[in-house]
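Summary of the model geometry
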Amino acid sequence: MFWPISHLLPSLTGGATHILADAGGPLWLLPGIDVGPTTLFTIGPFPVTNTLINSWLSMIIVLVLFLGATRKMAIVPKGLQNFVEWGAGLLIDFCEEVAGKPWGRRFFPFVATIFFYLLFANWTEIIPGVDSLGTPMPGTHPVAGIFLLGNDSNKFYPWVRPASSDLNFTLAIALISVVVTQIYGFRTLGFRQHVGKYLNFRDPIGFIVGILEIVAEFARIISFSFRLFGNVFAGDVLLIVLGTLLPFIGPTVFYPLELFVGFIQAFVFSALTLVFLSLAITSHEDEHASAAHTEHSEVGELASADAVH
Amino acid sequence: MSNNPSNDNAGFYRALALVGQVGFYIAVPMVLGAFLGRFLDNALFHDTASLATIFGLLLGLAAGVALVVRAIMRLPTS
Amino acid sequence: MLTYELAAAIAIGLGAIGPGIGIGLLAGPALSAMGRNPEAAGTIRTNLLLSIVFAEAVAIYALVVALVIFFVGVK
Amino acid sequence: MLVPHVVADLPLGINPWLLGAQLLNFGILYFILAKFAFPALYKTLDQRAATIRQGVENSERAKTELAKAQQQADGIIQAAQQRSQQIIADAGTAGERVRAQIEAEAKARAAEIAEQNRRRMAQEEAQAQNALRQQTADLAIQAASVVVGRSLDNSDQRRLVEQFLTEVR
């Protein structure tokens, strides 16, 4: 077990000053921040990274929560079941509000899985020890066998890192979200109409619009994955840096903020997935009809808004 | 939207869908166009004047603007 | 090497100032308008969201530029 | 293999293996939740909604039934009232009719009695007149016989007197 110094009590560091005097360096250093995750070990050719471990942790939390709550369900809910039902009930209402009653029910399992998985993957960043427990790099000299101090303090590989701060994770879920949206589009609109959205050889304008649709889908994957990655990675770095600059006090101030950001990002991801799902099951003609009759008022509204400003 | 019962909120959710997307609508086509142009420059024109890169960048910009305009125009008014 | 990192940091840092101020400027009047006119809250919220979308797009350009500088420019 | 290192296969740490692993993770999570957790959740929610709906329906039905019973009772009371009114009215009319009948009978009987009296009086009058006439006739005959001195044939006498009397009358 090797802890870096950044999350230790300042009083503990008082006793360590003579070591620092010997080392002649700073008490601790800013941890090295990598965009990519760290491979802890490999199983055959298969790398196991700290973010992968965190995603397993999040899965376990979600599974324990949901299977525990739904194992023996009572008509009058109590304890865990009540809590889970409250959260899931809000989400069901939201789904039914956005996508309509029958579709909201069909979308709910997918949207809820995304939401709760991401929620706990995001929230793991505030667990003490995440990003600060790890294996020391070769050539370091742990104090008392476990603490890394001075110039060694950032030379370690963290065991757990928030899954959402790994692009593999966010990209995977963004891909799943977009692919499932496409599948629903195929299933409700039929192959011909759905592919017609993207590949239209009847007229050049339609062809360009189809190409734009493809680019838009691509941009959606990028925006989904980068928004989540950026927010959680930035929050993680914020906590690490503040923990280094001002241990214990610094990160504490930002824990509520990070809880909020984690929730908002999970919600935005699942809400956008839901919105795109409900758009995918709407046929193109429907949308055109509604767009055509709203366009005029929209333009008028924008114009009047300009005039007011 | 035909199968959306709550039409007062439809505009809100559609607008929500654009959050964090419009920027990428412009950025992604530009980057794609730039990469495509650079690939063409390297492969076909042997890295002469980066003309294809610039052209791809501009094409991407045009595509991005078209995407944004389309996305905004397709919003239902609430 | 350090120049590129600094450039990326400046790009995203300065690029985030504008949208931050912009979103703040948007949200304040929008909230007071909602308070003054609660029955128009839906429309105001939608338009607020749209405006935020555009303000936030600028930050994403800065992010893309920073990423390009950081990951492409280093090579 | 226990040498940790930073993943840098592709820019931003994207690695096909890890991407696949994360896809698989999500798939497993979705499969388990969709198979075991959400159906149970939906079932409970539906059950509870059904129970609540049934309860509401029951109370609603009880309310309507109560209202119906109330209405029925009101109807019965009203009918009874109507009926009693009817009975009273009937009794009134019946009494009236009986009274009228009795009165009519009494009147009829009074008229009858009066008629009988009148007839008897007329009869008696007639008898008296007859008796008077006979006496008068007798007296007249006596007087005449006295005057005439000749006793007229009884039957002639009588005829004459009768005639006279009839003429006198």
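Our structure's up above, just so we're on the same page.
**Observations regarding the overall build of chain C**
If you tally the helices and strands in chain C, you get two helices and zero strands. Scored against the burial criterion, the 75 residues of chain C give a buried share of 31%. Of all intrachain contacts in chain C linking residues separated by at least 6 positions in sequence, the fraction that spans at least 24 positions is 74%. Of the roughly 4300 Å² of accessible surface on chain C, a fraction of 77% belongs to carbon and sulfur atoms.

**Focus: the side chain of T273(A)**
Residue and element names in this part refer to chain A. Assignment of secondary structure puts T273 in helix α9 (residues 249-280). Owing to a relative accessible area of 1%, T273 belongs among the buried residues under this scheme. Looking at T273, its side chain comes within polar contact range of the side chain of S177, at 3.2 Å. Ignoring sequence-local partners within four residues, the contact set of T273 consists of F110, I114, S177 and F224.

**Here's the deal with the interface of chain D and chain A**
The partner chain A presents 51 residues to the 36 residues of chain D that form the contact. Across the chain D to chain A interface the summed buried area is about 4200 Å²; carbon plus sulfur atoms make up 75%. Where chain D meets chain A, there are two salt bridges. Across the pair R105(A) and D46(D) runs a salt bridge whose closest N-O atoms are separated by 2.7 Å. Taken together, chain D and chain A are joined by seven residue pairs in polar contact (both at pLDDT 80 or more). Among the elements of the structure, β1 (5-6) and α1 (16-148) of chain D are those that each provide at least two residues to the side of chain D that touches chain A.

**Describing a nonpolar patch on the surface**
Taken together, L199(A), F201(A), F207(A), I208(A), I211(A) and I214(A) make up a surface patch of nonpolar side chains, about 570 Å² in accessible area. Note on placement: I208(A) falls in helix α8 (residues 204-245).

**Describing the pairing of strand β2 (residues 38-43) of chain A**
Each regular strand carries side chains that alternate between the two faces of the sheet. All names here are of chain A. Relative to strand β3 (residues 46-49), β2 is paired through four bridges, and the arrangement is antiparallel. What sits directly across from F41, in β3, is V48. Taking the residues that link successive antiparallel strands as the turn, the β2-β3 hairpin has two residues, and the phi of G44 there is positive, at about 65°.

**What about the packing of helix α4 (residues 79-99) of chain A against α9(A)?**
All names here are of chain A. Their axes nearest at 9 Å, the elements α4 and α9 cross at an angle of 35°. Between α4 and α9 lies a crossing of right-handed hand. Contact residues: α4 offers F94, C95, V98 and A99, while α9 offers F267, A271, L274, V275 and S278. In the contact of α4 with α9, the residues fall into eight nonpolar, one polar and no charged.

**A closer look at the pattern of salt bridges**
One pass over the structure, following the stated rule, counts eleven salt bridges over all chains. The shortest N-O distance in the salt bridge between E96(A) and R105(A) comes to 3.8 Å. Classification of R105(A) by relative accessible area gives partly exposed; the value is 30%. Each of E96(A), K101(A), R105(A) and D46(D) takes part in a single network of salt bridges with overlapping partners.

**Let's talk about the environment of W123(A)**
Residues and elements named next belong to chain A. Looking at the secondary structure, you find W123 in helix α5 (residues 101-123). Spatially, the C-alpha atoms of W123 and V232 are 9.2 Å apart, while their sequence positions differ by 109 residues. Setting aside residues up to four positions removed in sequence, W123 forms contacts with E258, L259, G262 and F263. Of the polar contacts made by the side chain of W123, one reaches the backbone oxygen of L259; its length is 2.9 Å.

**Describing the packing of aromatic side chains**
Residue and element names in this part refer to chain A. Applying the stated criterion across every chain yields a total of 25 aromatic pairs over all chains. A centroid spacing of 5.9 Å and a plane angle of 90° characterise the contact between F115 and F263, whose relative ring orientation is edge-to-face. Residue F115 is located in helix α5, and its partner F263 is located in helix α9; the two are separated by 148 residues in the primary sequence. Of the residues examined, F115 reaches a relative accessible area of 7% and is grouped as buried. Centroid distance F186 to F191: 5.5 Å. Interplanar angle 15°. Geometry classified as stacked. Under the relative-accessibility criterion, F186 is labelled partly exposed at 33%. The side chain of R220 reaches across the aromatic face of F276, ending 3.6 Å from its centre.

**Things to note about the nonpolar core**
If you look at the biggest cluster of nonpolar residues, it comprises 97 residues, and the most contacted ones within it are F66(A), F107(A), F108(A), F116(A) and L18(B). Per element, the largest residue contribution to this core is 14 residues, and it comes from α5(A). Aside from chain neighbours lying at most four places away, what touches F108(A) is A88(A), L91(A), I92(A), C95(A), F38(D), L41(D) and Y42(D). Listed in part, the six residues of the second largest apolar core include A30(C), M34(C), A41(C) and I52(C).

Cut-offs and rules
Residues numbered from 1 in each chain as written. Chains lettered and ligands numbered in written order. Predicted model: local features only at pLDDT ≥ 70, side-chain atom pairs only at ≥ 80, totals over all residues. Heavy atoms only, no water. Helix = DSSP H or I, 4+ residues; strand = E, 2+ residues; numbered from the N terminus. Buried < 20%, exposed > 50% of the residue type's maximum accessible area, 1.4 Å probe, protein only. Contact = heavy atoms within 4.5 Å. Areas by Shrake-Rupley, 256 points an atom, 1.4 Å probe, with all protein chains shown as cover. Polar contact = N/O pair within 3.5 Å; in protein donor to acceptor, adjacent residues only side chain to side chain. Buried area = accessible area lost by both parts, 1.4 Å probe. Salt bridge = Lys/Arg side-chain N within 4 Å of Asp/Glu carboxyl O. Patch = residues over 30% accessible without salt bridge, like charges linked within 9 Å, V, L, I, M, F, W, Y side chains within 5 Å. Pairing = 2+ DSSP bridges. Axes fitted to C-alpha atoms, helices over the stretch in contact; angles between N-to-C directions. Left-handed = near helix turned anticlockwise from the far one by under 90°. Nonpolar A, V, L, I, M, F, W, Y, C, P; charged D, E, K, R; others polar. Phe/Tyr/Trp six-rings, centres within 6.5 Å; stacked < 30°, edge-to-face > 60°. Lys NZ or Arg CZ within 6 Å of the ring centre and 35° of its normal. Core = buried A, V, L, I, M, F, W, Y, C linked by side-chain atoms within 4.5 Å.

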